[in-house]
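Tertiary structure, described
Residue strings, one per chain:
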Amino acid sequence: MGMRLVDADHARLVVAAQGGDDRAREKLIAAYLPLLYNIVGRALSGPADVDDVVQETLPRVVRDLPALRAPESFRS
């Protein structure tokens, strides 16, 4: 139940960010940055590589956010 509540809250943040709410976008990034680092860190060998991939990925996430049709799918 707790995870669904978090997902619902994050879906609302996605919708707000899609509407241009900078604060919502920043909250999303803050919420998912540790997960992104974890996933990339497991896939790559060194911390420098991880930083590079995360720094390349975040602008794409922000850029493509308006095209996301299912806000609840943001995590994946």
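An account of the accompanying structure is given in this report. Only a predicted model underlies this, so the values are computations on that prediction, with no experimental measurement involved. (Residues numbered from 1 in each chain as written. Predicted model: local features only at pLDDT ≥ 70, side-chain atom pairs only at ≥ 80, totals over all residues. Heavy atoms only, no water.)

**Here we look at the overall build of the chain**
In terms of helices and strands, the chain carries 3 helices and 0 strands. C-alpha atoms of the chain, sized along the principal axes, occupy 35 × 30 × 20 Å. The buried share among the 76 residues of the chain stands at 22%. Expressed as a percentage of contacts within the chain between residues at least 6 apart in sequence, the contacts between residues at least 24 apart total 44%. Accessible area for the chain stands at about 5500 Å²; split by element, carbon and sulfur atoms hold 56% of it. With 10 positive and 11 negative side-chain charges, the chain shows a spacing of 6 Å between the two charge centroids. (Helix = DSSP H or I, 4+ residues; strand = E, 2+ residues; numbered from the N terminus. Buried < 20%, exposed > 50% of the residue type's maximum accessible area, 1.4 Å probe, protein only. Contact = heavy atoms within 4.5 Å. Areas by Shrake-Rupley, 256 points an atom, 1.4 Å probe, with all protein chains shown as cover. Lys, Arg positive; Asp, Glu negative; His and termini not counted. Charge placed at Lys NZ, Arg CZ, Asp CG, Glu CD.)

**Examining the pattern of salt bridges**
Summed over all chains, the structure comprises 4 salt bridges. Between Arg 25 and Glu 26 there is a salt bridge, with the nearest N and O atoms lying 3.8 Å from each other. On the accessibility criterion, Glu 26 (45% relative accessible area) is partly exposed. Among the salt bridges present, the one from Asp 64 reaches Arg 63, with a minimum N-O distance of 3.0 Å. Relative accessible area serves as the criterion here: at 38%, Asp 64 is assigned to the partly exposed category. Beyond isolated ion pairs, a larger network of salt bridges with shared partners links Asp 22, Arg 25 and Glu 26. (Salt bridge = Lys/Arg side-chain N within 4 Å of Asp/Glu carboxyl O.)

**Some words on helix α2 (residues 22-43)**
The terminal C-alpha atoms of α2 lie 30 Å apart, and with 22 residues this matches the ideal 32 Å at 1.5 Å per residue to within 8%. Taking the largest bend as the criterion, α2 deviates by roughly 40°, centred on Tyr 32, and proline Pro 34 comes between one and four positions later. Regarding α2, the residues found buried are Ala 24, Leu 28, Ile 29, Tyr 32, Leu 36 and Val 40. (Expected span 1.5 Å × (residues − 1). Bend = angle between axes of the 7 residues up to and from the residue.)

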